[in-house]
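The chain contents come next:
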Amino acid sequence: MTPTTSQQELFRFLEDRFACAQACTECARACALRASLVDPDGTENQELVRRKGIMCAEVCDATCRVLSEQNQVDEGSIRAQVEWCRTVCLEAAHAFDRQPGAEDSAAACRACARACTDFLATLN
């Protein structure tokens, strides 16, 4: 945000930042739950789903922390973290698509990726 940013732009930025953090939290919960339901000694695909779920939960959690840091993190770092989160969420969603019963987790991942995309649009 620049010194010439309007109050309306600032509100939009903060709303999108909050929506992104909220989506990350929901995605992290869904991914952690999905990962915990997968048998660790299951098939190769099940192991991929478990690993993707764990990674997505961790990246979403880290992204929430970055977004809550207010002015302590520069915009470039925020952008990099949110882009990484979006990428990991989409990868997890694709892995969940191949797992029966994982539709809700895939949807949470896609919603988080959309929230990340929306938030990134508010950055300069």
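See the structure above.
Now for a description of the structure that goes with this document. Keep in mind that what you see is a predicted model, and the values were worked out from it rather than measured.

**As for the overall build of the protein**
Next up, step 1: Within the protein, the secondary structure is distributed over four helices and zero strands.
Next up, step 2: Secondary structure elements in the protein, listed N-terminal to C-terminal, are α-α-α-α.
Next up, step 3: Projected onto the principal axes, the alpha-carbon positions of the protein cover approximately 55 × 20 × 15 Å.
Next up, step 4: By residue count, 40% of the 124 residues in the protein fall in the buried class.
Next up, step 5: Contacts spanning at least 24 positions in sequence make up 72% of the contacts within the protein whose residues lie at least 6 apart.
Next up, step 6: A total of about 7000 Å² of accessible surface is found on the protein, and carbon and sulfur atoms cover 52% of it.
Next up, step 7: With 13 positive and 19 negative side-chain charges, the protein shows a separation of 2 Å between the mean positions of the two kinds.

**Observations regarding the packing of helix α3 (residues 75-97) against helix α4 (residues 103-122)**
Next up, step 1: Across the interface, α3 lies against α4 with an axial gap of 8 Å and an inter-helix angle of 155 degrees. With respect to their mutual orientation, α3 and α4 come out roughly antiparallel. In this structure, α3 meets α4 at a crossing whose hand is left-handed.
Next up, step 2: Residue classes in the contact of α3 with α4 are distributed as 15 nonpolar, three polar and five charged.

**Thoughts on the environment of Arg79**
Next up, step 1: Summarising the element assignment, Arg79 is placed in helix α3.
Next up, step 2: Judged by relative accessible area, Arg79 falls into the partly exposed class, the value being 24%.
Next up, step 3: Along the chain, Arg79 and Ala57 lie 22 residues apart, while their C-alpha atoms are 18 Å from each other.

About the criteria used
Residues numbered from 1 in each chain as written. Predicted model: local features only at pLDDT ≥ 70, side-chain atom pairs only at ≥ 80, totals over all residues. Heavy atoms only, no water. Helix = DSSP H or I, 4+ residues; strand = E, 2+ residues; numbered from the N terminus. Buried < 20%, exposed > 50% of the residue type's maximum accessible area, 1.4 Å probe, protein only. Contact = heavy atoms within 4.5 Å. Areas by Shrake-Rupley, 256 points an atom, 1.4 Å probe, with all protein chains shown as cover. Lys, Arg positive; Asp, Glu negative; His and termini not counted. Charge placed at Lys NZ, Arg CZ, Asp CG, Glu CD. Axes fitted to C-alpha atoms, helices over the stretch in contact; angles between N-to-C directions. Parallel < 35°, antiparallel > 145°, perpendicular 65-115°, else oblique. Left-handed = near helix turned anticlockwise from the far one by under 90°. Nonpolar A, V, L, I, M, F, W, Y, C, P; charged D, E, K, R; others polar.

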